[in-house]
Every structure is written in structure tokens, then in C-alpha cells.
Amino acid sequence: MREFDGGCHCGNVTLRFETAKAPADFSVRACGCSFCRRHQTRTVADPAGTLHIVARDPRRLSRYRFGLKTTDFLVCRACGVYLGAVYRDADGAWGLINTPVLAARAEFDQPATSTDHDAETEAARRARRKSTWTPASFDPPSLLD
Ligand SMILES: [Zn+2]
């Protein structure tokens, strides 16, 4: 396993992504949704890895929701950086990492694959996130409650 540390610009939110996959082996995604196009996101996830998200001041972490409202898009309120997204349900939490927030962002420099999930049903979207995103935990544990 290798650890990839990252965070927002002001330091309020940090994250650690652990994965056994090499950066070059990831399919970096450029999601085509209306939020991600505006941020030009470049995201990765590993269902066999882990993601830990820490917020020093949880009140300064925005959990933006739109569309089907199944997912929290995490944006630091203080510095405006988009860190990634988290889907949660009774079974757990799964996250997606926006690679530009990682210190090792340059290792994920492969061309991004465009994705478009706009036509997906809500059930299909929930199932996809649980099977393809990264199991996530939080500090404080109640961060997204
Ligand atoms: Zn910040």
C-alpha cells in the first residue's frame, strides 16, 4: 500500500488515500456533470483502498449536493478547493478523490477519460458508487452526519 496525502489550499481539510495501485494504472476520470465541468475535475478511486478525510473546522467544509442529491461534494469554504465526493448510506461511506489536491498530483498526469452519468437511475448510481469508489472514514467521525 502507498499513501497519498492531500488537502485543500488553506489546510482546513486534509485527506489520505491509501492504495496498492500505481498512479499510472488509474483511469483518471473527467466527469461530464455540470459541477465537475466547472471544476475541471480529475478523479480517481480504488474500491480496494481507503480514504481518510480530516477537517480541522468541520463548519468550514461545504457539503454541496445537487441533482439526485445522493452525494456530498466536498468544498472547503475558506479556500474554495474541491477535494472530492462522498456517498454514504446505512452500509458505510465511499469517496472519490480529486487528484489535483494530492501532493503527488503530477504522478496522475495521464489523459483523463470523460464520463457522463447523467442518464443513470438513482439506484444504479448508488450501486456504482458502492462498487467503484473508495471506502471512506472521517475525523471527526461525525464529519458528514
Ligand atoms: Zn481550505
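What you see is a predicted model, and the numbers here were worked out from it, not measured in a lab.

About the thresholds
Residues numbered from 1 in each chain as written. Predicted model: local features only at pLDDT ≥ 70, side-chain atom pairs only at ≥ 80, totals over all residues. Heavy atoms only, no water. 1 Å grid on protein atoms, 1.4 Å probe; cavity = no way out; pocket = protein on both sides within 12 Å on 5 of 7 lines; lining within 4 Å. Points joined across faces, edges and corners; volume = space filled by probe spheres on them. Helix = DSSP H or I, 4+ residues; strand = E, 2+ residues; numbered from the N terminus. Nonpolar A, V, L, I, M, F, W, Y, C, P; charged D, E, K, R; others polar. Core = buried A, V, L, I, M, F, W, Y, C linked by side-chain atoms within 4.5 Å. Buried < 20%, exposed > 50% of the residue type's maximum accessible area, 1.4 Å probe, protein only. Contact = heavy atoms within 4.5 Å.

## Here's the deal with the layout of surface pockets
- Considering only enclosed or pocket space, the largest pocket measures out at about 600 Å³ in volume.
- In terms of lining residues, the largest pocket is bounded by 29 residues, among which Leu96, His117, Arg128, Arg129 and Trp133 are the most central.
- Residue assignment for the lining of the largest pocket shows that the elements contributing at least two residues are β3 (29-31), α1 (34-39), β4 (43-44), β7 (71-76) and α2 (122-132).
- Counting residues per element, the lining of the largest pocket draws most heavily on α2, at 4 residues.
- Classifying every residue of the lining of the largest pocket gives 11 nonpolar, 9 polar and 9 charged.

## Remarks on the nonpolar core
- Counting 26 residues, the largest nonpolar core has Leu15, Ile53 and Phe138 as the members making the most contacts within it.
- The set of elements that each furnish at least two residues to this core consists of β2 (13-19), β5 (50-55), β7, β8 (82-89), β9 (92-98) and β11 (134-139).
- Excluding residues that lie within four positions of it along the chain, Leu15 makes contacts with Phe4, Asp5, Gly6, Gly7, Leu51, His52, Ile53, Leu83, Ile97, Val101 and Leu102.

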